[in-house]
Amino acid sequence: MDTTEAGPARDAAAVTAYLEASMVPDPETAARYMAPGIAIVFTGGRVFRHPREVTAFNAGRYAWVKKRMERLDVVPGEDATTVYSLGTLYGAWPDGTAFEGNRYVDRFTVRDGLIVSMEVWNDSAERLLDRQGVPA
């Protein structure tokens, strides 16, 4: 059990490094920060097992997308650290229309410097519905 400040700081650094690699996108580098057997659960309950699957999914949803990471909330635990990354997405939809200010929250469980689970929420679906004239 690593309850010293070093454990949570190391775990938060792993999350930041993962997010930075995923935005390149460089899914192979991003995967270095993830434990084998990880479940990456996206909005709508979509489950991915490797960052390359996330990259492929995002390629269909966006022409390109990046995160403005506004803050990390780090919650030390007995055997793991929970790290929340909060901010907004910006980029372009598949038709090239730019967007920004799309809120997101990513929740990571990190153990010994490796991400063991990741959950993702954002406003993309609501924004896409709005673009189609459907009240979200």
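Per chain, residues are indexed from 1 in the order of the written sequence. Given that the model is predicted, a residue must reach a pLDDT of at least 70 before its local features are reported, and side-chain atom pairs must reach 80 or more before they are shown or counted; all residues, however, enter totals for whole chains, interfaces and linings. Excluding hydrogens and water, the side-chain values take into account all heavy atoms of the structure.

Draft legend 1. Focus on the nonpolar core. Each nonpolar core is a collection of buried residues, namely Ala, Val, Leu, Ile, Met, Phe, Trp, Tyr and Cys, held together in the definition by side-chain atoms within 4.5 Å. A simple rule labels every residue: compare its accessible area, found with a 1.4 Å probe on the protein chains alone, to the largest value its type can have, and call it buried under 20%, exposed over 50%, or partly exposed in between. If you look at the biggest cluster of nonpolar residues, it comprises 17 residues, and the most contacted ones within it are Val-15, Tyr-18, Met-34, Ile-40, Phe-108, Ile-115 and Met-118. Only DSSP runs of H or I with at least four residues qualify as helices, and only runs of E with at least two residues qualify as strands; both kinds are numbered from the N terminus onward. Contributions of two or more residues to this core are made by helix H1 (6-23), strand E1 (34-42), strand E5 (98-111) and strand E6 (114-122). Membership of the second largest hydrophobic core comes to 6 residues, among which are Tyr-62, Trp-93, Phe-99 and Tyr-104.

Draft legend 2. View of the UniProt feature "domain: SnoaL-like" (unreviewed entry) in the protein. UniProt positions are given in the numbering used here, feature names are shortened, and annotations may be inferred rather than shown by experiment. UniProt feature "domain: SnoaL-like" (unreviewed entry): in the numbering of this structure it lies at residues 15-118. Regarding residues 15-118, the helix share stands at 24% and the strand share at 54%, and the terminal C-alpha atoms are separated by 10 Å.

Draft legend 3. Up close: the layout of surface pockets. Of the pockets and cavities examined, the largest pocket occupies roughly 410 Å³. Site definitions follow a grid-based scheme: protein atoms alone, a 1 Å grid, a 1.4 Å probe that fits but cannot get out for cavities, and for pockets an open set with protein on both sides within 12 Å along at least five of seven lines, plus lining residues having an atom within 4 Å of a point. Lining the largest pocket are 25 residues, and of these Ser-22, Met-23, Val-54, Asn-58 and Val-65 sit closest to its centre. Those elements that provide at least two residues to the lining of the largest pocket are H1, helix H3 (51-61), strand E3 (64-76), E5 and E6. It is H3 that provides the largest number of residues to the lining of the largest pocket, a total of 7 residues. Grid points are joined across faces, edges and corners, and a volume is the space filled by probe spheres set on the points.

Draft legend 4. Geometry of the pairing of E3. For E3 and strand E4 (residues 81-92), the ladder comprises 12 bridges, and the chain directions are antiparallel. Directly across from Pro-76, in E4, lies its bridge partner Thr-81. Following E3, the chain reverses through 4 residues before pairing antiparallel with E4. Here, a strand pair is defined by DSSP locating no fewer than two bridges between the strands.

Draft legend 5. Structural detail: the pattern of salt bridges. Salt bridge, as used here: a side-chain nitrogen of Lys or Arg that lies within 4 Å of a carboxyl oxygen of Asp or Glu. Taken as a whole and assessed by the stated rule, the structure comprises 7 salt bridges. In this structure, Arg-103 and Asp-123 form a salt bridge, with 2.7 Å as the shortest nitrogen-oxygen distance. Remark: Asp-123 occurs in the loop between E6 and helix H4 (124-131) and Arg-103 occurs in strand E5; sequence separation between them is 20 residues.

Draft legend 6. Looking closely at the packing of aromatic side chains. Each Phe, Tyr or Trp ring (for Trp, its six-membered ring) is paired with any other whose centre lies within 6.5 Å, and the angle between the two planes then decides the class: stacked below 30 degrees, edge-to-face above 60, tilted in between. Under the criterion given, the structure shown has 8 aromatic pairs. Summarising the aromatic geometry, the rings of Tyr-62 and Phe-99 are spaced 5.7 Å apart at their centres and angled 35° between planes, so their arrangement reads as tilted. Highlighted residues: Tyr-62 in the loop between H3 and E3 and Phe-99 in strand E5, separated in sequence by 37 residues. For the pair Tyr-62 and Phe-99, one class covers both residues: buried. Ring-pair connections join several aromatic residues into one group, and the members of that group are Phe-42, Phe-48 and Phe-57. The ring of Tyr-104 has Lys-67 lying over it, and the distance from NZ or CZ to the ring centre is 4.5 Å. Sitting over a ring, as applied to charges here, requires NZ of Lys or CZ of Arg to be within 6 Å of the ring centre and within 35 degrees of the ring normal. Stacked on the ring of Tyr-90, the Lys or Arg Arg-68 has its end atom at 4.1 Å from the ring centre.

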